[in-house]
Amino acid sequence: MQEADIDHVAGDAGTGVEMTKEDLREFLGALRRAWSLETSPQWSPDDPARGQGPVTALVFQDRFGGQILKTPIGDDWHFYNRVAGRMCDFTAEQFSELPAYLNIPSSRDEALAGSAPERYQGLAVRVSEALASK
C-alpha cells in the first residue's frame with residue numbers, strides 16, 4: 001500500500017476499531033521498519049515488501065480485524081486484507097504491476113502456511129515495538 005492509498009481505507013474497521021489515516025500511516029511506517037530477513041527470506045533493502053504478504057496480513061488482522069484474502073501470483077498465493085469493505089495490501093509495492101486481485105477468502109492458517117510461525121511472531125513483536133517507540 002502506498003501512502004496515497006491510505007486515504008481510501010481509513011474508517012471504522014467494522015470491529016469497533018477505528019482506523020484513522022494516521023493509524024494506517026503509522027502502521028505502514030512500522031511495517032517498513034520491521035520487515036527484514038527474519039520476517040521473509042526474500043527481503044532485500046531494494047525490495048523490503050518482497051515475500052512479506054502472509055506475515056503482514058496476519059499482523060494487520062491482529063491490529064485492525066477484518067478478513068484475510070488471497071490471490072494467485074504464478075504458482076504461489078499473495079495474501080492481503082479487507083476491512084470495512086476495503087482492500088488493504090500493504091505489500092503491493094513488491095510488484096512492478098499490481099496483481100489481478102481475485103479477493104478469495106482465506107484464513108490465518110493458510111496465511112501462516114505461506115510463511116512460518118517464527119516469522120509472523122517476529123514481525124508482530126517488531127511492529128509492536130516500532131509503534132510503541134513512535
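Residues numbered from 1 in each chain as written. Predicted model: local features only at pLDDT ≥ 70, side-chain atom pairs only at ≥ 80, totals over all residues. Heavy atoms only, no water.

Novice: Would you explain the packing of helix α1 (residues 21-34) against helix α2 (residues 53-64) in this entry?
Specialist: For the pair α1 and α2, the least separation of the axes is 12 Å and the interaxial angle reads 145°. Relative to α2, α1 is oriented so that their crossing is right-handed. On α2, the residues that touch Asp23, Leu24, Phe27 and Leu31 of α1 are Thr56, Val59, Phe60, Arg63 and Phe64. Partitioned by chemical class, the residues of the contact of α1 with α2 number six nonpolar, one polar and two charged. (Axes fitted to C-alpha atoms, helices over the stretch in contact; angles between N-to-C directions. Helix = DSSP H or I, 4+ residues; strand = E, 2+ residues; numbered from the N terminus. Left-handed = near helix turned anticlockwise from the far one by under 90°. Contact = heavy atoms within 4.5 Å. Nonpolar A, V, L, I, M, F, W, Y, C, P; charged D, E, K, R; others polar.)

Novice: Would you explain the pairing of strand β4 (residues 76-83) in this entry?
Specialist: In the case of a regular strand, side chains alternate between the two sheet surfaces. Where strand β3 (residues 67-73) meets β4, seven bridges bridge the pair, whose relative direction is antiparallel. Opposite Ile68, over in β4, you have Asn81 as the bridge partner. Of the strand pairs in this sheet, β4 and strand β5 (residues 86-88) are connected by three bridges, and their pairing is antiparallel. Pairing of Val83 across the sheet is with Arg86, part of β5. The turn linking β4 back onto β5 is made up of two residues, and Ala84 within it adopts a positive phi angle of 55°. (Pairing = 2+ DSSP bridges.)

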